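The primary structure of each chain is shown beneath.
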Amino acid sequence: MSLPPSTGLVDSYGRVARDLRVSLTDKCNLRCTYCMPAEGLPWLAGPELLTDDEVVRLIRVAVRRLGIDEVRFTGGEPLIRPGLVDIVEAVAALDPRPRISLTTNGIGLHRLAAALRDAGLDRVNVSLDTLDRARFTRLTRRDRLADVLAGLAGAASAGLTPVKINAVLLRGVNDDEATALLRFALDHGYELRFIEQMPLDAQHGWDRAAMVTADEILTTLRAAYGLSQDPAERGNAPAETWLVDGGPARVGVIGTVTRPFCGDCDRTRLTADGQIRNCLFATEESDLRGALRAGADDDELARRWRAATFTKRAGHGIDDPSFLQPTRPMSAIGG
């Protein structure tokens, strides 16, 4: 099968990737129970990681030659990448300039929010699964709830809006907090997104039967709020959104497992060690780091990226009996 005559990232199903997720590190300063073991994971060695200049160069190729118009930095925890502000500044200087966002656990964000805004960051997503300090400590194995709340406030104060919250509900753990989390978001002007728990934990302990589904989340919220379908066009966004009590406030649900949106996926992913992934659940990767360090020019890097994208599968296949959880956990892939 030959590549289409296109300069963009087109797969064999005609989907066009315009949203690039860039993992800057596999390390994290939390140890969330649904992501990694208490002792952490074997982190990538320094030479395996892309340098700041290499990250910027690959993003430049993606933006200028491949049609990427949105870049989101992820981890692990991207705030612990020493060169983060400089990377954001370099990407914001590209022409055309992509939209730039960040997914973070929020720890330290209150200190960096203004610098990131000045560098060119447009907005942030902050992960927050519970408002209860003791429960947060059990979930993350770190007593850092106050830091996350400070990070949210710091992002809003810096104008990194809309500030979005990502929340994962776990059955028997925090599934009683859906309404409280929405009230918190409404009170502070944040936009809440519930995300179904996905099979991306390092321990491979995910159990679909224990997952809190999108339908369950919506049923709980409707007991306390009036939800109406958001009239705005969803486009390629992963979240289905609803107006809360007539709007303008919204709440979203990302039903990756029970309401897959693979047919509209417009994402491509670059891992911290320079691998291209077409899907969070992909079992294959395409190496750009090796080509880059071997002296490949930008045309060759773009060609390899297009070739990798063309092989993207129709969907994640979680419901297929042959589904295999990726070897890499979420912390090593990037959200």
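The sections below set out a description of the structure shown in this document. Bear in mind the structure is a predicted one, so any value in this text is a computation, not a measurement.

On a plain count of helices and strands, the chain comes out with ten helices and 14 strands. Here the chain holds 335 residues, and the buried ones make up 53% of them. Accessible surface, the chain: about 14,100 Å² in total, of which carbon and sulfur atoms supply 50%.

What follows concerns the pattern of salt bridges. This structure, assessed with the given rule, holds 25 salt bridges. Residues Arg57 and Asp298 are paired through a salt bridge, measuring 2.9 Å at the closest nitrogen-oxygen approach. Taken as a pair, Arg57 in helix H1 (residues 52-66) and Asp298 in helix H9 (residues 298-310) lie far apart in primary sequence, 241 residues in all. The exposure class assigned to Asp298 is buried, which follows from its relative accessible area of 17%. A salt bridge links Arg117 to Asp118, with the nearest nitrogen and oxygen atoms 3.0 Å apart. When its relative accessible area of 36% is taken as the criterion, Arg117 is described as partly exposed. Here Asp118 falls in the exposed class, since its relative accessible area comes to 59%. Here the salt bridges do not stand alone but share partners, grouping Asp69, Glu70 and Arg99 into one network.

Turning our eyes to something else, we now look at the environment of Leu186. Its place among the elements puts Leu186 in helix H6 (residues 178-188). Spatially, the C-alpha atom of Leu186 lies 9.1 Å from that of Val244, the residues being 58 residues apart in sequence. The residues touching Leu186, leaving out its near neighbours within four places in the chain, are Tyr225, Val244 and Ala249.

Moving on to the environment of Ala272. Relative to the helices and strands, Ala272 resides in the loop between strand S12 (267-270) and strand S13 (275-277). Sequence separation of Ala272 and Ser23 is 249 residues, and the distance between their C-alpha atoms is 4.9 Å.

Quick look at helix H2 (residues 84-92) now. Buried within H2 are the following residues: Leu84, Ile87, Val88, Val91 and Ala92. One side of H2 holds all its buried residues, which, seen down the axis, span an arc of 130 degrees. In the core, the buried residues of H2 are packed alongside H1, strand S4 (70-74), strand S5 (99-104) and helix H3 (109-119).

Attention now moves to the pairing of strand S11 (residues 250-254). Counting buried positions over the five residues of S11 gives four, a clear majority of the element. Both strand S8 (residues 191-195) and S11 contribute to a ladder of four bridges, which runs parallel. Each residue of the ladder has a partner; that of Phe194, found in S11, is Val253. Of the pairings in the sheet, the one linking strand S10 (residues 240-244) to S11 comprises four bridges and is antiparallel in character. By the bridge assignment for S11, Thr241 is matched with Gly252.

Our focus in this paragraph is the packing of aromatic side chains. Following the criterion strictly, the structure yields one aromatic pair and no others. For the pair Phe184 and Tyr190, a centre-to-centre distance of 5.8 Å together with 55 degrees between the ring planes defines the contact as tilted. Both residues of the pair, Phe184 and Tyr190, count as buried.

Here we take up the packing of H3 against helix H5 (residues 145-158). Running from N to C, H3 and H5 point in directions that differ by 25 degrees, and their axes come no closer than 8 Å. Overall, the two elements H3 and H5 adopt an arrangement that is roughly parallel. When the axes of H3 and H5 are compared, the crossing they make is right-handed. Where H3 approaches H5, its residues Leu109, His110, Ala113, Ala114 and Arg117 are matched on the opposing element by Ala150, Gly151, Gly154, Ala155 and Ala158. Class assignment of the residues belonging to the contact of H3 with H5 gives a composition of six nonpolar, three polar and one charged.

To continue, consider helix H4 (residues 133-140). Every buried residue of H4 is listed here: Arg135, Phe136, Leu139 and Thr140. Across the axial projection of H4, the buried residues extend over an arc of 115 degrees, all falling on one side. Facing away from the buried side of H4, by more than 90 degrees, are the exposed residues Arg133 and Arg138. Buried residues along H4 sit against H5. Where H4 starts, the residue carrying a side-chain oxygen 3.2 Å from the main-chain nitrogen of Ala134 turns out to be Asp132. Once H4 finishes, Arg141 follows within two positions and takes phi at roughly 60 degrees, a positive value.

What counts and how
Residues numbered from 1 in each chain as written. Predicted model: local features only at pLDDT ≥ 70, side-chain atom pairs only at ≥ 80, totals over all residues. Heavy atoms only, no water. Helix = DSSP H or I, 4+ residues; strand = E, 2+ residues; numbered from the N terminus. Buried < 20%, exposed > 50% of the residue type's maximum accessible area, 1.4 Å probe, protein only. Areas by Shrake-Rupley, 256 points an atom, 1.4 Å probe, with all protein chains shown as cover. Salt bridge = Lys/Arg side-chain N within 4 Å of Asp/Glu carboxyl O. Contact = heavy atoms within 4.5 Å. Arc of directions from axis to C-beta. Pairing = 2+ DSSP bridges. Phe/Tyr/Trp six-rings, centres within 6.5 Å; stacked < 30°, edge-to-face > 60°. Axes fitted to C-alpha atoms, helices over the stretch in contact; angles between N-to-C directions. Parallel < 35°, antiparallel > 145°, perpendicular 65-115°, else oblique. Left-handed = near helix turned anticlockwise from the far one by under 90°. Nonpolar A, V, L, I, M, F, W, Y, C, P; charged D, E, K, R; others polar. Polar contact = N/O pair within 3.5 Å; in protein donor to acceptor, adjacent residues only side chain to side chain.

Function cannot be inferred from these measures alone, as they are strictly geometric.
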